[in-house]
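Each chain, letter by letter, is given below.
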Amino acid sequence: MQLNATQVQNALPWSALISTLNDIFTRKVHSPVRHHHNIKVAQNPDATLLLMPAWLENEYLGIKQVNVFPGNAALKLPGLSSHYLLSCGKTGQPLAQLEGNELTARRTAAASALASQFLSKEDASELLMVGAGRMGRRLIPAHMSVRPITKVSVWDRNEDAAKSLVDELKAADINANFCPKDELETCAGKADIISCATMSTTPLIQGKWLKPGAHLDLVGSFTPTMRETDNHAMQHCAVFVDTRAGALSETGDLIMPIEQGAITQDVILAEFSELCSGQHSGRHSLADPQTAITLFKSVGDSREDLAAAILAYKTHSQEKN
């Protein structure tokens, strides 16, 4: 079975995907550290091969392959391509090959929505999307699937990109507004949920802008030199992550303030395995749930890929029958 990007999207509805991610973090999944391999490419910059395996014993095993070829820009080809291979955990026989970019984007957005269920206020109605790219287009509907969002604002350094996304949202009957580049502070100060998915290496959202009860969702910083918020936010928010191991080794949003002495790794209150198993109850466990400002930082995890691939395989198999 081979699933292209459209088929992967159709096989991963938000509600089912969010529920599946919640379940996978309560189970014993083997997920080794991902492999990084450097590949020489003639007359082009070196490429990178990333391999991310995970398995549930006697059920399923899977691996995501990501190919990063910087030289493809000159060839007018995408610089990144990926696919996921799902196999039977009892026999090793291949079950499905899935287009990896859409799989990754949807499981990433669903992870943010899952965190929002634990961390944002249940009556959160105003969402600010910082970043108008591929992830922004998935984070907005994912967040809307778990909270009664009635207004969406969009900000991007490229104002044309932000306006284009606003037009798409309006065409889908979503109450969307464009946030001008110089009004990010104003828009952030009004939002109940702020979701960031950018390539920024300097803080975009300042902690002092956040209103009482707000929730900050950080998706974009996936290297030690990238960050989307400042030290003030990390010091004053209730901080949660998808995985401690990944967040503390991969994202500048935590690595930089720790190196600067602004915080320690103890600032992290819980990770998904604790939230999903009920060991920590998220916002409800905080001293003042109504006014506490929460922050969720994700870097991604191979368990999420495995869960999404299994769900897509099962959903598509049922549709075929």
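Residues numbered from 1 in each chain as written. Predicted model: local features only at pLDDT ≥ 70, side-chain atom pairs only at ≥ 80, totals over all residues. Heavy atoms only, no water.

*Asks:* Is there a simple way to think about the pattern of salt bridges in this case?
*Replies:* Once the charged atoms of two side chains with opposite charge are near each other, the side chains can pair. Scanning all chains against the criterion turns up 14 salt bridges. Among the salt bridges present, the one from Glu102 reaches Arg134, with a minimum N-O distance of 3.9 Å. Here Glu102 is found in helix α3 (residues 100-119), whereas its partner Arg134 is found in helix α4 (residues 134-144), with 32 residues between them in sequence. Residue Glu102 is classed as buried on the basis of its relative accessible area, which comes to 4%. Of the residues examined, Arg134 reaches a relative accessible area of 42% and is grouped as partly exposed. Residues joined in a network through salt bridges with shared partners are Lys64, Arg107, Glu304 and Asp305. (Salt bridge = Lys/Arg side-chain N within 4 Å of Asp/Glu carboxyl O. Helix = DSSP H or I, 4+ residues; strand = E, 2+ residues; numbered from the N terminus. Buried < 20%, exposed > 50% of the residue type's maximum accessible area, 1.4 Å probe, protein only.)

*Asks:* Just checking my understanding: could you explain the sheet that holds strand β1 (residues 2-3) for this structure?
*Replies:* The pairing of strands in a sheet happens through backbone hydrogen bonds and is either parallel or antiparallel. In spatial order, the strands read β1-β6-β5-β4-β3-β2; together these six strands make up an open sheet with mixed pairing. At either margin of the open sheet sits one strand with a lone partner, and together these are β1 and β2 (35-39). (Pairing = 2+ DSSP bridges.)

*Asks:* Can you walk me through the state of the cysteines in this structure?
*Replies:* What is meant by a disulfide is a covalent connection between two cysteines, made through their sulfur atoms. For the structure on display, the rule yields one disulfide. In this model Cys179 forms its disulfide with Cys187; the gap between the sulfur atoms is 2.5 Å. Disulfide Cys179 to Cys187: torsion about the S-S bond roughly 115°, handedness right-handed. Unpaired in this structure, Cys237 has its nearest cysteine sulfur neighbour in Cys196, at a distance of 11 Å. (Disulfide = S-S within 2.5 Å.)

*Asks:* Hey, could you run me through helix α2 (residues 14-24) in this one?
*Replies:* Structurally, the α-helix is built with 3.6 residues per turn, so residues lying three or four positions apart point the same way. Of all the residues in α2, the buried ones are Trp14, Leu17, Ile18, Leu21 and Ile24. For α2, the arc enclosing every buried residue in end-on projection is 125°, short of the 170-degree limit, so these residues lie on one face. (Arc of directions from axis to C-beta.)

*Asks:* Is there a simple way to think about the nonpolar core in this case?
*Replies:* One broad trend across soluble globular proteins is that nonpolar side chains are buried collectively. Ranked by internal contacts, the top residues of the largest apolar core, which has 66 residues, are Leu86, Leu98, Val154, Phe272 and Leu306. It is α3 that provides the largest number of residues to this core, a total of ten residues. Leaving out residues up to four positions away in the same chain, Leu306 has contacts with Val29, Ala54, Trp55, Leu56, Tyr60, Leu61, Gly62, Tyr84 and Leu86. One finds Leu184, Ile194, Val267 and Ile293 within the second-largest nonpolar core, a separate group that totals 29 residues. (Core = buried A, V, L, I, M, F, W, Y, C linked by side-chain atoms within 4.5 Å. Contact = heavy atoms within 4.5 Å.)

*Asks:* I keep staring at the packing of aromatic side chains and nothing clicks. Help me out?
*Replies:* Note on aromatic pairs: each is described by the distance of the centres and the angle between the planes. Summed over all chains, the structure comprises three aromatic pairs. On the basis of an interplanar angle of 40° and a centroid distance of 5.2 Å, the ring pair of Phe272 and Phe296 is categorised as tilted. With a gap of 24 residues between them, Phe272 in helix α10 (residues 272-276) and Phe296 in strand β14 (residues 294-297) connect regions that are remote in the sequence. Counting every residue linked through ring pairs, the aromatic cluster contains Phe25, Phe272 and Phe296. Between the NZ or CZ atom of Arg106 and the centre of the ring of Trp14, over which it lies, the distance is 4.1 Å. Between Lys163 and the ring centre of Phe178, over which it is positioned, the NZ or CZ distance is 5.2 Å. (Phe/Tyr/Trp six-rings, centres within 6.5 Å; stacked < 30°, edge-to-face > 60°. Lys NZ or Arg CZ within 6 Å of the ring centre and 35° of its normal.)

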